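# Results of the structural survey
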Amino acid sequence: MDGQSNGRFVTKEYMTKNVIAVLDFGSQYSHLIVRRIWELGVYAKLLPPETPASALQEYAGVILSGGPQNLSKPGALKADPRIYTLGLPILGVCYGLQLIAHQLGGKVRAGKKREYGPVHTSLATSSALFKNLSRSELTWMSHGDQVVKAPRGFKVIGTSEACGVAAMEHRKHQVYGIQFHPEVRHTKHGMKILENFLKIAKVRRNWSLGRDWINATVAAIRAKVGKSRALLALSGGVDSTVAAYLTHRAIGRNLSCIYVDTGLMRKGETEQIRKTFSKLKNLDFKVVDAEREFLKALKGVTEPEQKRKIVGKLFIRLFEREAKKLGDAAFLVQGTLYTDAITSGVSVGGKAAMIKSHHNVGGLPRNLKFKLIEPLRDLYKDEVRRIGKRLGVPEEILFRQPFPGPGLAVRIIGEVTKGKLAMLCAADAIFREELAASGWARRVQQYFAVLPDIRSVGVQGDARTYGHPIVLRAVTTSDFMTADFARIPLAMLARISARITNEVAGINRVAYDITSKPPGTVEWE
């Protein structure tokens with residue numbers, strides 16, 4: 001094998017003019033472009049935006065990602081202008097389109113009307129990029145700036161109501177730009193556009209995620225840890241469990257899995273995890289009771305970023321304490337995913353916007369005494385499940401609902417108290433019970449209840465109440481980078497609402513969140 005990148009391993013043969021380079025300009029979806037190309041059977045590699053043209057010569061094509069930058073401002077990220085002289089097919093997406101226009105003599109400025117969300121775009125189907133598409137396609141836009149004049153030699157091949165240059169091409173030099181995002185599912189035929197670009201780049205579609213990745217990852221962990229000991233932060237979810245299976249395959253009994261009961265867990269969670277993992281053979285598994293410590297640390301705290309950092313720091317201190325008991329384990333293994341990293345503002349280009357700090361990424365203390373091992377850091381949830389299935393992870397864990405590391409602390413808006421935890425646990429349990437009984441639990445990818453920091457007037461038992469509302473959230477998604485709210489039947493929501501208001505003291509109102517991601521996120525905090 002010849003090196004590791006983005007969590008994937010590539011043979012020397014494959015590296016020869018059969019890889020797509022994706023320059024990361026800080027978009028939340030940069031890695032999603034890479035993911036889509038992987039799905040099409042081609043290896044892609046995420047690279048910093050300043051990667052020199054000389055380092056791109058051996059690639060089959062280059063994609064310039066989107067990003068939060070504004071080309072009219074100083075310090076805006078730029079690509080090496082020599083990439084346009086390499087003779088490689090180039091595709092610019094959103095900011096990437098604007099950058100191509102800016103660097104090659106076109107004009108970019110703030111649009112009179114911004115475009116966010118689904119937009120019908122007129123396309124020139126004579127272009128190789130839009131082959132076998134319709135003249136009008138539903139695309140997904142997210143931009144304020146736009147190209148108002150294409151560079152010399154470029155032809156406009158796409159327009160929208162608000163954008164005169166929604167797509168452009170220089171056919172001779174095979175340079176293309178699109179203002180919309182083909183990598184998100186909301187662009188109806190985005191995969192076809194990417195597939196057409198791969199055909200333009202003349203790459204072979206013969207790469208896939210499989211056994212080679214597992215073997216190479218296990219070998220890499222074994223080489224890094226050597227004969228040292230490692231702790232693994234086990235939440236009981238699919239990510240940390242798959243990380244545990246991989247690491248255990250690499251270093252065996254030198255791995256210790258620690259589950260911390262924070263007191264911020266869902267109803268019955270700790271008991272279920274203890275029962276499940278006690279059955280698994282050859283795993284050194286321990287439960288640490290730390291409810292009192294977490295509630296004390298969170299007392300009076302209302303700001304969500306502060307909550308995440310407090311939780312992240314306390315987790316690490318607890319793991320350090322356990323490491324000393326084992327003889328100072330040098331490594332900490334985490335089930336960090338790509339989505340955790342990118343929403344925490346961590347990207348290859350270093351310019352991604354921070355949406356929220358995940359406790360195991362942006363929430364980690366600076367004086368970390370462990371060396372981190374994150375074997376899943378460049379994978380998405382569904383890919384982790386595929387890896388887990390190959391590793392023999394039990395199905396009850398593979399399809400366990402995602403749960404944030406800070407637990408219910410970030411599903412209680414405002415201060416976390418035992419009383420609020422009791423209300424939220426009970427309401428959340430009813431929601432989960434009803435979805436499981438109806439079969440909807442397998443139709444949505446994440447569902448939970450949120451307790452907002454507000455109260456409302458109600459009438460219960462012919463008397464006035466001044467209680468808390470509960471907000472229910474359920475989403476459908478393939479990768480958690482984008483998501484849509486689940487269309488749960490109204491009759492079922494009404495039944496859930498009646499149960500919660502009748503069975504949970506202090507709750508007198510139930511709402512259902514119908515916001516997609518974006519503009520919202522899956523979690524509220």
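Description of the structure in this document.

Parameters at a glance
- Residues numbered from 1 in each chain as written.
- Predicted model: local features only at pLDDT ≥ 70, side-chain atom pairs only at ≥ 80, totals over all residues.
- Heavy atoms only, no water.
- Helix = DSSP H or I, 4+ residues; strand = E, 2+ residues; numbered from the N terminus.
- Rg over C-alpha atoms; globule rule 2.2 N^0.38 Å.
- Buried < 20%, exposed > 50% of the residue type's maximum accessible area, 1.4 Å probe, protein only.
- Contact = heavy atoms within 4.5 Å.
- Areas by Shrake-Rupley, 256 points an atom, 1.4 Å probe, with all protein chains shown as cover.
- Lys, Arg positive; Asp, Glu negative; His and termini not counted.
- Charge placed at Lys NZ, Arg CZ, Asp CG, Glu CD.
- Pairing = 2+ DSSP bridges.
- Axes fitted to C-alpha atoms, helices over the stretch in contact; angles between N-to-C directions.
- 1 Å grid on protein atoms, 1.4 Å probe; cavity = no way out; pocket = protein on both sides within 12 Å on 5 of 7 lines; lining within 4 Å.
- Points joined across faces, edges and corners; volume = space filled by probe spheres on them.
- Patch = residues over 30% accessible without salt bridge, like charges linked within 9 Å, V, L, I, M, F, W, Y side chains within 5 Å.
- Salt bridge = Lys/Arg side-chain N within 4 Å of Asp/Glu carboxyl O.

## Regarding the overall build of the protein chain
Counting its regular elements, the protein chain contains 14 helices and 21 strands. Scaling as 2.2 N^0.38, a compact globule of 525 residues should have a C-alpha radius of gyration of about 24 Å, and the protein chain matches this with 25 Å. Its C-alpha atoms put the protein chain at 70 × 65 × 45 Å along the principal axes. Within the span of the protein chain, comprising 525 residues, buried residues form 59% of the whole. Put simply, 74% of the contacts in the protein chain that link residues at least 6 apart link residues at least 24 apart. Accessible surface, the protein chain: about 22,400 Å² in total, of which carbon and sulfur atoms supply 50%. Charged side chains in the protein chain number 79 positive and 47 negative. The centres of these two groups are separated by 4 Å.

## Overview of the sheet that holds strand β11 (residues 175-178)
Pairing within the open sheet is mixed, and its nine strands lie in the order β4-β3-β5-β6-β11-β10-β9-β7-β8. At either margin of the open sheet sits one strand with a lone partner, and together these are β4 (43-47) and β8 (136-149). In this sheet, adjacent strand axes meet at a mean angle of 20° when their direction is disregarded. With twelve bridges connecting them, strand β7 (residues 107-123) and β8 associate as antiparallel partners. For Tyr116, the partnering residue across the bridge sits in β8 and is Ser142.

## Some words on the layout of surface pockets
Put simply, the second largest pocket is a space of about 550 Å³. Forming the boundary of the second largest pocket are 24 residues, of which Phe399, Arg400, Gln401, Ala441 and Tyr447 lie nearest the centre. When residues of the lining of the second largest pocket are traced back to their parent elements, those giving at least two are α7 (269-279), α11 (381-391), α12 (395-398) and α13 (418-438). Take the lining of the second largest pocket: its biggest share by element is three residues, from α11.

## Some remarks on the sheet that holds strand β15 (residues 331-333)
Read across the sheet, five strands follow the order β14-β13-β12-β15-β16 without closing on themselves; strand pairing throughout is parallel. Pairing within the sheet leaves two strands with one partner each, and these edge strands are β14 (284-289) and β16 (371-373). If you compare each strand with its neighbour and ignore which way they point, the axes differ by 30° on average.

## Let's talk about the side chain of Arg411
In this structure, Arg411 sits in the loop between α12 and α13. Apart from residues lying up to four places away in sequence, Arg411 is in contact with Pro402, Phe403, Pro404, Leu424, Gln446, Phe448, Ala449, Val450, Leu451 and Glu523.

## A short note on a positive patch on the surface
Residues Lys107, Arg109, Lys112 and Lys149 make up a contiguous surface patch of positive charge. Take the positive patch: its biggest share by element is three residues, from β7. Tracing the chain through its elements places Arg109 in strand β7.

## Some words on unusual backbone geometry
Trans peptide bonds make up the majority, and among non-glycine residues the majority have a negative phi. In this structure, Pro518 follows Lys517 across a cis peptide bond, with omega equal to -15°. You can see Pro518 is positioned in the segment after β21 (507-512). In this chain, Pro518 is followed by Pro519 through a cis amide linkage whose omega measures 10°. Looking at where Pro519 falls in the secondary structure, it is placed in the segment after β21. Residue Asn132 is not a glycine yet carries a positive backbone phi of 65°. With respect to the secondary-structure elements, Asn132 resides in the loop between β7 and β8. Phi at Lys202 takes a positive value of approximately 55°, unusual for a residue other than glycine. Tracing the backbone shows Lys202 in the loop between α4 (190-201) and α5 (211-225).

Spatial relationships are all this shows, so hold off on functional conclusions.
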